[in-house]
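Overview (structure and organization)
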Amino acid sequence: LKVGGKAMASRQASSTLATFLALGIENFPGDWVSQLWSDNFCEASPFPVDADAIFSEASWQAVVFEATEWLDSSKAESEGGQLWAVLADGDITYKTIIAVIFGMVDRLKENSADTCLATLAAHLYLMLLQIPGSGGFKVFHPMVFQRAVESLHLVPDYEGSVRQQRQRKNALEPTKKTNKGKRKRQPAPFQDSMKLDESAQNAIGDLSLSEHEQQRIHQLTVEAVKALYLCLEKVSFRDEEVSRQQVISVLVKMIACDMKPSTGLDIKSLLESCPSDEDWLSLLGWRCLHSLCQPFHGDRERLIAEVFRQLLPVISMSADDVARTSAATIPPALMSVAVHAVDFVGYIVKQGKEHAHQPIKALLQHVCFKTPDKAEYRTKLAKLATSLLGSVDDDALYVSLLHWLYKFSRNTKVSFRLFALDVVAQLLSSPPRMAMEKLTDEQQYFLTYHFLLRMILSRCSDRSAVVRAKALTGLASASSAADNAELTAVVKELVLPQHTIDEDQAMETNGDDAVSHADLMLPMIRRRASDDKVVVRKTAIQALEAIVRLDLDHIRKEDVQIFHDHCMDPALSVRKQALSSLNSLTIDALTCAILHNLWLDGVMPMVLDKETSVQEKCFSLLEEFLLSQIIPYTDRLDEMEQFVWQLFDVIASDEDLQRYFK
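Here is what the cut-offs are and how they apply
Residues numbered from 1 in each chain as written. Predicted model: local features only at pLDDT ≥ 70, side-chain atom pairs only at ≥ 80, totals over all residues. Heavy atoms only, no water. Helix = DSSP H or I, 4+ residues; strand = E, 2+ residues; numbered from the N terminus. Buried < 20%, exposed > 50% of the residue type's maximum accessible area, 1.4 Å probe, protein only. Contact = heavy atoms within 4.5 Å. Areas by Shrake-Rupley, 256 points an atom, 1.4 Å probe, with all protein chains shown as cover. Axes fitted to C-alpha atoms, helices over the stretch in contact; angles between N-to-C directions. Parallel < 35°, antiparallel > 145°, perpendicular 65-115°, else oblique. Left-handed = near helix turned anticlockwise from the far one by under 90°. Salt bridge = Lys/Arg side-chain N within 4 Å of Asp/Glu carboxyl O. Phe/Tyr/Trp six-rings, centres within 6.5 Å; stacked < 30°, edge-to-face > 60°. Lys NZ or Arg CZ within 6 Å of the ring centre and 35° of its normal. Expected span 1.5 Å × (residues − 1). Core = buried A, V, L, I, M, F, W, Y, C linked by side-chain atoms within 4.5 Å. Polar contact = N/O pair within 3.5 Å; in protein donor to acceptor, adjacent residues only side chain to side chain. pLDDT = per-residue confidence, 0-100.

1. Overview of the overall build of the chain
Scanning the chain for helices and strands turns up 32 helices and two strands. For the chain, the proportion of its 662 residues judged to be buried stands at 52%. For the chain, long-range pairs separated by at least 24 residues make up 72% of all intrachain contacts whose partners lie at least 6 apart in sequence. By element, 51% of the accessible surface of the chain is carried by carbon and sulfur atoms, the whole surface being about 31000 Å².

2. Concerning unusual backbone geometry
Positive phi, close to 60°, is recorded for Phe41, a residue that is not glycine. Relative to the helices and strands, Phe41 resides in the loop between α2 (30–38) and α3 (57–70). One non-glycine residue, Lys353, adopts positive backbone phi at about 50°. Tracing the sequence through the fold places Lys353 in the loop between α16 (332–352) and α17 (357–370).

3. Topic: the packing of helix α22 (residues 449–459) against helix α23 (residues 465–479)
Orientation of α22 relative to α23, taken along the N-to-C sense of each, is 140°, at an axis distance of 8 Å. Looking at the two axes, α22 sits oblique to α23. For the element pair α22 and α23, the recorded crossing hand is left-handed. For the pair α22 and α23, contact is made by Leu453, Ile456, Leu457 and Arg459 and by Val467, Arg468, Ala471, Gly474, Leu475 and Ala478, respectively.

4. Examining the pattern of salt bridges
Applying the stated criterion across every chain yields a total of 21 salt bridges. Here Arg302 and Glu241 are joined by a salt bridge, their closest N and O atoms 3.0 Å apart. Taken together, the positions of Arg302 in helix α15 (residues 300–316) and Glu241 in helix α12 (residues 241–256) put the pair 61 residues apart, joining distant regions of the chain. A residue is classified by how much of its surface remains accessible, and Arg302, at 51% relative accessible area, is exposed. Across the salt bridge formed by Lys470 and Asp422, the nearest N and O atoms sit 3.0 Å from each other. Within this pair, whereas Lys470 is found in helix α23, its partner Asp422 is found in helix α20 (residues 414–428), the two being separated by 48 residues in sequence. Given the relative accessible area of 26%, Lys470 is considered partly exposed. Salt bridges sharing common partners tie together Asp373, Arg378, Asp422 and Lys470.

5. Brief notes about the packing of aromatic side chains
Under the definition given, this model contains 16 aromatic pairs. Considering the side-chain rings of Phe41 and Phe102, the 5.0 Å spacing of their centres and the 65° angle between planes classify their relative orientation as edge-to-face. Of the two residues, Phe41 sits in the loop between α2 and α3 while Phe102 sits in helix α5 (residues 94–106), which places them 61 residues apart along the sequence. By relative accessible area, which is 0% here, Phe41 ends up buried. With a relative accessible area of 1%, Phe102 lands in the buried category. Feature note: the residues Trp37, Phe41, Tyr94 and Phe102 constitute an aromatic cluster, connected by ring pairs. Positioned above the aromatic ring of Trp37 is the side chain of Lys95, whose terminal nitrogen or guanidinium carbon lies 5.3 Å from the ring centre.

6. Notes on helix α14 (residues 281–292)
Under the 1.5 Å per step criterion, the end-to-end length of α14 is 17 Å for 12 residues, consistent within 8% with the ideal 16 Å. Within α14, 12 of the 12 residues are buried, leaving the element largely enclosed by the surrounding structure. Listing the buried residues of α14 in full gives Leu281, Ser282, Leu283, Leu284, Gly285, Trp286, Arg287, Cys288, Leu289, His290, Ser291 and Leu292. Contact partners of the buried residues in α14: α11 (211–234), α12, α13 (267–272), α15 and α16.

7. A look at the nonpolar core
Core analysis: the largest hydrophobic core is formed by 204 residues, its most contacted members being Trp60, Leu228, Trp286, Leu289 and Val495. The element that contributes the greatest number of residues to this core is α16, accounting for 11 residues. Setting aside residues no more than four positions away along its own chain, Trp286 makes contact with Ile255, Ile267, Leu270, Leu271, Leu311, Val337, His340, Ala341 and Phe344.

8. Some remarks on the environment of Arg537
Within the fold, Arg537 resides in helix α26 (residues 534–549). Sequence spacing of Arg537 and Val574 is 37 residues, and the spatial spacing of their C-alpha atoms is 6.7 Å. Once residues within four sequence positions are removed from consideration, Arg537 is found in contact with Arg528, Ala529, Ser530, Asp531, Asp532, His566, Asp569, Ala571 and Val574. Of note is the side chain of Arg537, whose polar atom sits 3.0 Å from the backbone oxygen of Asp531.

9. Here's the deal with the packing of α2 against α5
One can describe the packing of α2 onto α5 by two numbers: an axis separation of 9 Å at closest approach and a directional angle of 75°. As summarised for this structure, α2 and α5 are arranged roughly perpendicular, according to the angle between their axes. Taking contact as the criterion, the partners of Trp32, Val33, Leu36 and Trp37 in α2 are, on α5, Tyr94, Lys95, Thr96, Ile98, Ala99, Val100 and Phe102.

10. Section: the confidence of the model for the chain
Chain-level pLDDT for the chain is 79 on average; 76% of the residues reach the 70-or-more range. Low pLDDT, under 50, characterises residues 166–172; the predicted model gives this stretch six contacts beyond four residues in sequence or across chains. The low-confidence segment residues 499–516 (pLDDT under 50) makes 42 contacts with residues lying over four places distant or belonging to another chain.

Right under this line is the structure:
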């Protein structure tokens, strides 16, 4: 058995030597190798003229296969370290191998045709780092490692690259003319806005590469990233902070360039399962990032903070390229990657516990500050920010984040105050958080609907019209949350005048903030209905309607009068909203006598409105509620039929209404 084992080892050694020699390594002079090492791999020298064998893809594949064989689990401990002795016996120094690998990877910057060879070279280097004895021979070199890892993000998902090429071809076509003879501008494809660096563009943007070639490059890249994952599992980068940051940067770029929108990916299940034969680069990227967040690579809090910092542009969808955030709508792929990033962060926060407290706090604050000033981005990012908040298990930290959000809602920048209101609206749409640990009464207050609603009410008198409108919209949504009885009860307590709040519990108010006393909330909202800004008047009417609906048994005439008066508002959108609110309330409170006269006085004159759409709406309402409902009057009429005849009684007693009716 011993003789057979030695013979097998001898055959393995011979095969390894032959494979490495097939690369033509013996043709590289010592001076060339020494020059690279003395220059600390800062700049690669041209390959020797007689080094043609180095450009054989089959030879590189064979070397990678040999390295894989030496990494086989059955040999890793007993024979793996003998690789270096075998190479030394064959006069192949590790310095020469590393120099050749660096030279091949470095060629990718200038020649995209060598992409396959450069990827195979990077793959080989990542395999060599895992072989026992590599530490003693100092196979790891920061510059070589960084260049090898950097090459992996130059070739993203080949499907995204092919799609990118097709869209570029379409963009180069002449602009089309519309039927009216005007030139129609072709929208810029989103993929073109997701620009990599110049070398990446050279690598993926060469139209001479066929789809088959790009698929081949993609598969080689996948295998190299798998080798990177295994390297991160076995080799500690505790003392290599720069290399560690470079790996994180490359992985984040790889994930961000993923062009496949997917909503069914479960990050938690992915990270907790064993590595499979997945060929999706972003999945491998998440695995690698997860590995880098482990204490094996250094101080865990610093590791998590660095990963979160580099994930910030992905989550906030605010990359360096301004074109990405100039799109009218958020591309599904971009949103999908952001959702996956938030899921990943949530998993790391729950797994890292106290080590992730400061990183998640910093990430959430930066997301709030980095949100693009566009309505759709604010809405989507508010949901993501709420998810980040929900991932925080520590109640004290959660309370401190809410307290910071309150301060953020009072920032001098309008877009920040708008985003804070969007986040509050998302928090109000979910059940209040139940504290799992003991908190003070002051801390407990931050977990209630009272706190969130007071943030909204305090912005209803903001100096900015768009913030006032946003706050009123949030109040309307909270007031009309029929499926959340607890929330509507708190709205009644804070807004309806029959309920009051102890002054000692009132939220601090400054300058133009709305007062917090419940007796003054409703008059404040009525004043907003007379705001000089159209959008504020419209949202104030919406909010007032939602509040009136909270207590239909006690409808106040001054509220209905506001709907009536604004049916003649100069702004078309306000007139339509007032008409809709007045009509909707009348239908839901048919027995309320206050509404009868005001409904007729508000609706009937609008048959002469200068806008045709308003006239048609009035005609439709009169047809629906009056003309089509006429039946013989009896004592057995239902509520709706009685309402119709009561309206006719009012019309019969008012000459102006008769004139409009005619």
